[in-house]
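Each chain, written out:
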Amino acid sequence: MMNQEFIIIPGASNMPELPEVETVRRTLETLIVGKTIRDIDVFYERIIRGSTVTDFISKLEGQTLSSIDRYGKYLIFIFGELTILSHLRMEGKYFIKNLDEPKEKHEHIIFYFTDGSTLRYHDTRKFGTMDLILTKDIFTNSPIIKQGYEPFNEKLTGTHLRSLLKNRKTAIKSALLDQTVMSGLGNIYVDEVLFLSKLDPERQANTLTLKQYKDVVTNAKKVLTKAVELGGTTIRSYTSSLGVTGRFQNELLVHMKEKEPCIICLKPITKIKVNGRGTYYCTNCQK
DNA sequence: GTGACCACCTGGCCGC
DNA sequence: TGCGGCCAGGTGGTCA
């Protein structure tokens with residue numbers, strides 16, 4: 001039995017992207033790998049996909065967590081032949097608590113381990129999902145097969161990105177948010193990548209030069225690598241002295257910087273909407 | 001194949 | 001103070 005309540009926050013951001021999910025993975029890996037599920041409570045059934053809730057519970061009971069991986073924004077909990085693909089969407093987060101801790105309002109799934117601890121999935125907006133699949137199907141028959149390469153993958157090059165976007169007339173910002181193009185980028189980091197690449201977020205995706213596609217890939221790697229090192233971004237934190245908080249918010253150059261001076265030209269950062277997404281950029285530096 | 005729009009969901013914010 | 005309406009966001013589905 002644990003003596004303290006651990007609160008796991010995905011980089012403490014309210015919008016987990018690849019770095020925040022990686023922070024959660026690393027933290028959970030040290031705390032729950034090797035534990036065996038005794039029971040599961042599902043309080044909000046729509047989170048479960050790929051199986052009935054009854055199957056989800058019955059198949060996982062007695063299973064031991066062997067490892068936790070990640071692809072893009074998906075957490076991959078591997079229990080031998082079974083795997084849970086967990087997507088945190090907007091506000092999903094995991095807590096590890098003692099058995100006797102009362103259930104909080106937004107805790108929708110509780111995994112009870114045989115050692116008396118619990119893993120609790122908390123999601124204010126109920127957008128998150130958990131797919132129960134066969135481990136052998138992870139890369140052949142699961143939501144992950146639709147994902148594009150992560151920026152860290154050597155196969156993701158400027159040439160590859162150009163081939164994917166050559167017919168896409170949508171805004172480059174929208175294209176980069178498409179996880180089938182590049183896996184792991186979300187609204188925050190796309191703004192940063194486009195700023196470093198000096199690209200107008202509304203620029204048509206198929207109009208970039210090869211050098212600009214290469215710059216996007218290079219800067220995506222740079223931004224995500226730095227963000228992973230710093231544990232992600234905390235834009236809205238939660239009260240917890242034990243929380244795992246990110247520090248990348250101190251490195252943000254444009255996101256959430258509306259009206260603040262651009263670090264290059266000192267002109268105020270502008271906020272617009274690109275296909276409904278709040279978007280921050282410098283109208284002077286990004287063309 | 002592509003783009004636009006909508007639904008999902010709830011807390012926070014704003015105006016009345 | 002309380003109420004209603006709007007906004008934020010990632011993804012999947014539908015339709016043109």
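Along each chain, the written sequence defines residue order, and numbers are assigned to residues from 1. Chains and ligands are labelled sequentially in the order written, the chains with letters from A and the ligands with numbers from 1. Reporting in this predicted model follows two pLDDT cut-offs: at least 70 for local features of residues, and 80 or more for side-chain atom pairs to be given and counted; totals over whole chains, interfaces and linings ignore these cut-offs and use all residues. Where side-chain values are given, they derive from all heavy atoms of the structure, hydrogens and water being excluded.

Visitor: Got a minute to help me understand the overall build of chain A in this structure?
Guide: Working definition: helices are DSSP H or I runs of at least four residues, strands are E runs of at least two. Numbering for both runs from the N terminus. A tally of helices and strands in chain A yields six helices and 12 strands. A burial count over chain A gives 53% of its 287 residues as buried. Contact definition: two residues touch when any of their heavy atoms are within 4.5 Å. Across chain A, every contact between residues at least 6 apart in sequence was considered, and the portion connecting residues at least 24 apart equals 66%. Put simply, chain A shows about 12,900 Å² of open surface, and 49% of that area lies on carbon and sulfur atoms. Relative accessible area decides the class of each residue, using a 1.4 Å probe on protein chains only: under 20% of the type maximum gives buried, over 50% gives exposed, and in between gives partly exposed. The method behind every accessible area is Shrake-Rupley, applied with a 1.4 Å probe, and residues are considered shielded solely by the protein chains displayed.

Visitor: How do you make sense of the pattern of salt bridges when you look at a structure like this?
Guide: Opposite charge on two side chains permits them to pair, given that their charged atoms come into close proximity. Should a side-chain nitrogen of Lys or Arg be within 4 Å of a carboxyl oxygen of Asp or Glu, the pair is scored as a salt bridge. In this structure the tally under the stated criterion is 15 salt bridges. Measuring nitrogen to oxygen at the nearest pair gives 2.8 Å for the salt bridge that ties Arg70 to Glu150. You can see Arg70 sitting in strand β4 (residues 67–71) and its partner Glu150 sitting in the loop between β10 (129–134) and α3 (158–165), a full 80 residues away along the chain. Judged on exposure class, the residue Arg70 and its partner Glu150 are both buried. Residues Glu104 and Lys97 are paired through a salt bridge, measuring 3.0 Å at the closest nitrogen-oxygen approach. Residue Lys97 is classed as buried on the basis of its relative accessible area of 1%. What you see here is one network of salt bridges that share partners, running through Glu22, Arg25, Arg26, Glu29, Arg70 and Glu150.

Visitor: Would you take a moment to explain the protein's contact with DNA strand C for this structure?
Guide: The environment of DNA strand C is formed by 16 residues, the closest being Met15, Met90, Arg125, Lys273 and Arg277. In the analysis that follows, any N or O atom pair within 3.5 Å is treated as a polar contact, provided that within protein one partner can donate a hydrogen and the other can accept it, and provided that, for residues neighboring in sequence, both atoms belong to side chains. Contacts to DNA strand C include Arg89, whose side-chain N or O atom sits 3.3 Å from a base nitrogen. Secondary-structure elements contributing two or more residues to the surface near DNA strand C are β11 (270–274) and β12 (277–281). In terms of residue class, the surface near DNA strand C is made up of four nonpolar, five polar and seven charged. Only a single heavy atom is needed: when it lies within 4 Å of a molecule or strand, its residue is near that molecule or strand. Following the grouping adopted for this structure description, the nonpolar residues are Ala, Val, Leu, Ile, Met, Phe, Trp, Tyr, Cys and Pro, the charged ones are Asp, Glu, Lys and Arg, and the polar ones are all others, Gly among them.

Visitor: I keep staring at the sheet that holds strand β5 (residues 74–79) and nothing clicks. Help me out?
Guide: Pairing between sheet strands relies on hydrogen bonds along the backbone, with the strands arranged either parallel or antiparallel. Read from one edge to the other, the open sheet built from five strands follows the order β3-β10-β6-β5-β4, with strand pairing classed as mixed. Each end of this open sheet is capped by a strand with a single partner; those strands are β3 (48–49) and β4. Geometry is summarised by axes, namely lines fitted to C-alpha atoms with helices restricted to the contacting stretch, and by angles between N-to-C directions that run from 0 to 180 degrees. Strand contacts of helix α2 (residues 53–60): β3, β5, β6 (82–87) and β10, with the helix running at about 60° to β10, the strand carrying the most contacts. Paired strands are those between which DSSP finds at least two bridges.

Visitor: Looking at this structure, I do not really get the protein's contact with DNA strand B. What am I missing?
Guide: Near DNA strand B there are 13 residues, and of these Tyr44, Lys126, Arg168, Lys169 and Thr170 occur at the shortest range. Taking the atoms of DNA strand B that fall within 4 Å of the protein, sugar and phosphate contribute 76% of them. In this structure, a phosphate oxygen belonging to DNA strand B sits 2.4 Å away from a main-chain N or O atom of Lys169.

Visitor: Looking at this structure, I do not really get the pairing of strand β8 (residues 107–113). What am I missing?
Guide: Each regular strand shows side chains that alternate between the opposite faces of the sheet. Most of β8 sits inside the fold, with seven of its seven residues counted as buried. Pairing geometry for β8 and strand β9 (residues 117–123), over five bridges, is antiparallel. Of the residues in β9, the one forming a bridge with Phe111 is Leu119. Hairpin geometry of β8 and β9 is characterised by an intervening segment of three residues between the two adjacent antiparallel strands and by a positive phi of about 95° at Gly116.

Visitor: Explain helix α5 (residues 187–196) to me, please; I cannot follow it from the model alone.
Guide: Working note: α-helix, 3.6 residues per turn, so residues spaced by three or four point in the same direction. α5 sits mainly inside the fold: nine of its 10 residues count as buried. Within α5, the full set of buried residues consists of Asn187, Ile188, Tyr189, Val190, Asp191, Glu192, Val193, Leu194 and Phe195. Residues of α5 that are buried in the fold lie against α1 (18–32), α4 (172–177), α6 (210–229) and β12. Just beyond α5, the residue with positive phi is Lys198, at close to 55°.

Visitor: Please clarify how the nonpolar core should be interpreted in this entry.
Guide: Generally speaking, nonpolar side chains in soluble globular proteins are found buried as a group. Put simply, buried Ala, Val, Leu, Ile, Met, Phe, Trp, Tyr and Cys residues joined by side-chain atoms within 4.5 Å make one nonpolar core. Ranked by size, the top nonpolar core spans 30 residues in total, and within it Phe56, Leu60, Phe77, Tyr94, Phe111 and Met130 carry the most contacts. Dropping the residues within four chain positions of it, Phe77 is found in contact with Leu28, Ile32, Leu65, Ser67, Ile68, Leu82, Thr83, Ile84, Ser86 and Tyr94. Grouped together as the second largest cluster of nonpolar side chains are 28 residues, Tyr189, Leu194, Ala205 and Ala227 included.

Visitor: Could you clarify how one ought to interpret the confidence of the model for chain A in this entry?
Guide: Per-chain confidence: chain A averages 85 in pLDDT, with 89% of residues scoring 70 or above. Scored between 0 and 100, pLDDT is the confidence that the predictor attaches to each residue. Here strand β1 (residues 6–7) stands out as the element of chain A with the lowest mean pLDDT, 48, in contrast to strand β2 (residues 37–42), whose mean of 95 is the highest. Contacts of residues 1–13 to residues separated by more than four positions or lying in other chains number 63 contacts, the stretch itself having pLDDT below 50. Within the model, pLDDT remains below 50 along residues 236–243, and this stretch shows 14 contacts once partners closer than five positions in the same chain are excluded.

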